[in-house]
Amino acid sequence: MSTPVLPRRTVLATGATAAGAAAVGLPHGATAASERRRDTVFAHGVASGDPRPRSVVIWTRVTPTAQASPGSGRGPRVQVLWEVATDRAFANVVRRGSFATGPGRDHTVKVDVTGLKPARWYHYRFTWDGVHSQVGRTRTAPGRRARPGNLRFGVVSCANLQAGWFSVYRHLADRDDLHGVLHLGDYLYEYAPGQYGYGKDDEDVRPHDPPREMVSLSDYRRRHAQYKTDPDAQRLHAKYPWIITWDDHEVTNDQWRDGAENHDASEGSYRRRRARAHRAFDEWMPVRMDGTADLRDGTRLFRRLAFGRLAEISMLDLRTYRDKQVEQAAPPAPEPDGEVSDPDRTITGAPQRRWLLGALSRKRAQWKVVGNPVMIAPVDFGDLPDEATGQVNDVTGLLPEDGAPYNTDQWDGYTADRDRVFGYIRDDGITDVLFVTGDIHSGWACELPLDAGTYAYEDPDRQTAGVELVCSSVTSNNLKDITGDPSGATSEGIEESIKANNRHVRYLNFDDHGFSVLDLTAERAQMDWFILTGERNDPAAGIAWETSYRSLAGSNRLEQVDEPLGGGA
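Scoring rules and cut-offs
Starting from 1, residues in each chain are numbered consecutively following that chain's sequence as written. Local features in a predicted model are, by the rule used here, given only for residues with pLDDT of at least 70; side-chain atom pairs are given and counted only at 80 or more, and totals for whole chains, interfaces and linings are based on all residues. Only hydrogens and water are removed before side-chain values are computed, so all heavy atoms of the structure are retained for them. Helix and strand labels come from DSSP, where a helix needs a run of H or I of at least four residues and a strand needs a run of E of at least two; each type is numbered from the N terminus. Exposure categories follow from relative accessible area, calculated using a 1.4 Å probe and restricted to protein chains: below 20% of the type maximum is buried, above 50% is exposed, and the middle band is partly exposed. We call two residues contacting when some pair of their heavy atoms lies within 4.5 Å. Residue burial considers only the protein chains on display, and all accessible areas are found by Shrake-Rupley using a 1.4 Å probe. The quantity known as pLDDT measures the predictor's confidence residue by residue, on a range of 0 to 100. Structural elements are reduced to axes, namely lines fitted to C-alpha atoms, with helices fitted over the stretch in contact, and the angle between N-to-C directions of any two is expressed from 0 to 180 degrees. Here the angle decides the label: under 35 degrees means roughly parallel, over 145 means roughly antiparallel, 65 to 115 means roughly perpendicular, and every other value means oblique. It is the rotation of the near helix from the far one that decides the hand of a crossing: anticlockwise by less than a right angle makes it left-handed, clockwise makes it right-handed. We define a nonpolar core as any set of buried Ala, Val, Leu, Ile, Met, Phe, Trp, Tyr and Cys residues linked to one another through side-chain atoms lying within 4.5 Å. Polar contacts here mean pairs of N or O atoms no more than 3.5 Å apart (in protein, one a potential hydrogen donor and the other a potential acceptor; neighbouring residues in sequence count only if both atoms are side-chain atoms).

Engineer: Give a description of the overall build of the protein chain that names residues and reports values.
Structural biologist: Scanning the protein chain for helices and strands turns up 10 helices and 24 strands. Every one of the 569 residues in the protein chain was classed for burial, and the buried ones make up 61%. Long-range pairs, those at least 24 residues apart, make up 71% of the contacts in the protein chain with a sequence separation of at least 6. Carbon together with sulfur atoms contributes 49% to the accessible area of the protein chain, which is approximately 20400 Å² in total.

Okay, here's the thing in structure tokens:
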């Protein structure tokens, strides 16, 4: 048994780290004047994503005239040059080309660069009217038959600009040991200023632009643009390739196939609103939708990325195809509607579910990593004090006011789909399944019991379908933020009650913001949780290690370890 870690509420601040660690920025010899012009023409930085062994998507936005502001629909059509090189000085350019952009795509540039070599670092940049963009760095995936020694990814979700500074991104960008970043949803938020901000009073650390809830295509484009001007986000995008999925706030809160909690008739057609949001996401993100970087081919975001024989990452879309959430039970009913188990209801949609089961096949790579926007582990809250349920619900949506034991917005509200996935894993004898999850503004490490009713962690023969590792939020409010209890005592009591009711939950942190690091080798998968040591409204907040858990190869189980992973990529 590993030794216990220090309690998280006793960790010491490590201080803000230097911004110069990232290998991104101006080309050698750039002048202050050229830097100012660069920051006007390429004001939204550069990004890359969806690495394959011989290709990667690179992205930027160009502002050719002052009138061509994001969402304006104005400005000329222009040709932007792009280059990919093996060195930062661009002495050895291996791919180059040009890309036509204009107001029809909000002057964004997205190129799927092919003909690259596997498992290589590359540098890239864009040029318009003699002005070079920032230099970005990216990395291709290992070859199909390769067995890399390790893969290491930063893991983040839930970055609300109104609720704080993106110090989490700054600290990830300070690291030099990653192969990429997994973003598990809620990259941005739809709310107007004064809504869903910092703490229980919803203060705006940085008010949203446009100053209203985003509904139109122009609104979504402007909000994406605002998030892409954050310096810490720009730096992390420029340093590593990102693998991104969406949750609900990229469109609007608690969305489902034909509607959303935060949408009403006064806002027009929900389907049209979602189409606008998806269009802006496709324009502004370095992702392939329907398998390409082209804007015209559809909006399918679920996709699979292979990293040799060591791992495959399957990114889910759990909003576009799901049935409407079941209503939470009203007092005095002790349970939510039994409709949560209706076999005709789905969170994935049938085509995506079949695709997911194929991704979990034993014939595929060793580690089956599932980028999962909402929790799949069952969670029962039967003994949680009634007075706590409202506060927990404010943070996570976990509980109705009467304490009924389901969050019907996550897989607990679609148990037939979960049973199909877990049953497939059991029947096929599949091991090394990792659900890596965001959404819930808290850190969790869970085993996934095949029978939660009889599960006991102490039982050496306990049967699981794999493990789930949940990262905390970048800035979005957690339980301590909502209760206003700086001691964390309220949260600790609730955490212990939840773990007592759910023996498969090994770790739970309702109080802290931060990032995680997922490292995969042939012997084990390990997640390290890191937390901010200062407040979200302090742009210089430090970072500290919180805890680590690992799953040994073939075990489908979790154990705590007493230190984070070090070393380089």
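Engineer: Outline the confidence of the model for the protein chain, listing residues and values.
Structural biologist: Confidence in the prediction for the protein chain averages 90 pLDDT; 88% of positions are at 70 or higher. Here residues 1-26 is modelled with pLDDT under 50, and outside its nearest four sequence neighbours on either side it reaches 72 contacts, counting other chains as well. Predicted confidence for residues 398-405 stays below pLDDT 50, and this span has 39 contacts to residues more than four positions away or in other chains.

Engineer: I'd like to hear about the packing of helix α6 (residues 350-359) against helix α8 (residues 415-428), residue by residue, with values.
Structural biologist: The axes of two packed helices give the description: the angle between them and the distance between them. At a closest axis distance of 10 Å, the pairing of α6 and α8 adopts a crossing angle of 20°. Taken as axis vectors, α6 and α8 run roughly parallel relative to one another. Crossing hand, α6 versus α8: right-handed. Residues Arg353, Leu356 and Leu357 of α6 lie in contact with α8, whose contacting residues are Asp417, Arg420, Val421 and Tyr424.

Engineer: Report on the nonpolar core, specifying residues and quantitative values.
Structural biologist: In this structure, Val156, Phe166, Tyr169, Leu236, Phe281 and Phe515 are the most contacted members of the largest nonpolar core, which totals 42 residues. Those elements that provide at least two residues to this core are α2 (167-173), α3 (217-228), α4 (231-239), β11 (242-244), α5 (270-284), β21 (514-520) and β22 (524-532). In contact with phenylalanine 281, other than residues within four places in its own chain, are His224, Ile244, Trp246, Glu250, Val287, Met289 and Leu301. In terms of nonpolar packing, the next biggest core, distinct from the first, is built from 35 residues, Leu316, Val370, Ile425 and Ala465 among them.

Engineer: Give me the lowdown on the side chain of aspartate 106, citing residues and values where you can.
Structural biologist: Following the sequence through the fold, aspartate 106 ends up in the loop between β4 (93-101) and β5 (108-113). Of the polar contacts made by the side chain of aspartate 106, one reaches the backbone nitrogen of glycine 71; its length is 2.9 Å. Non-local contacts of aspartate 106, meaning those with residues more than four positions away in its chain, are made with Arg61, Ser69, Pro70, Gly71, Arg221, Glu283 and Trp284.

Engineer: Mind laying out the side chain of lysine 239, listing which residues take part and the relevant values?
Structural biologist: With respect to the secondary-structure elements, lysine 239 resides in helix α4. By relative accessible area, which is 0% here, lysine 239 ends up buried.

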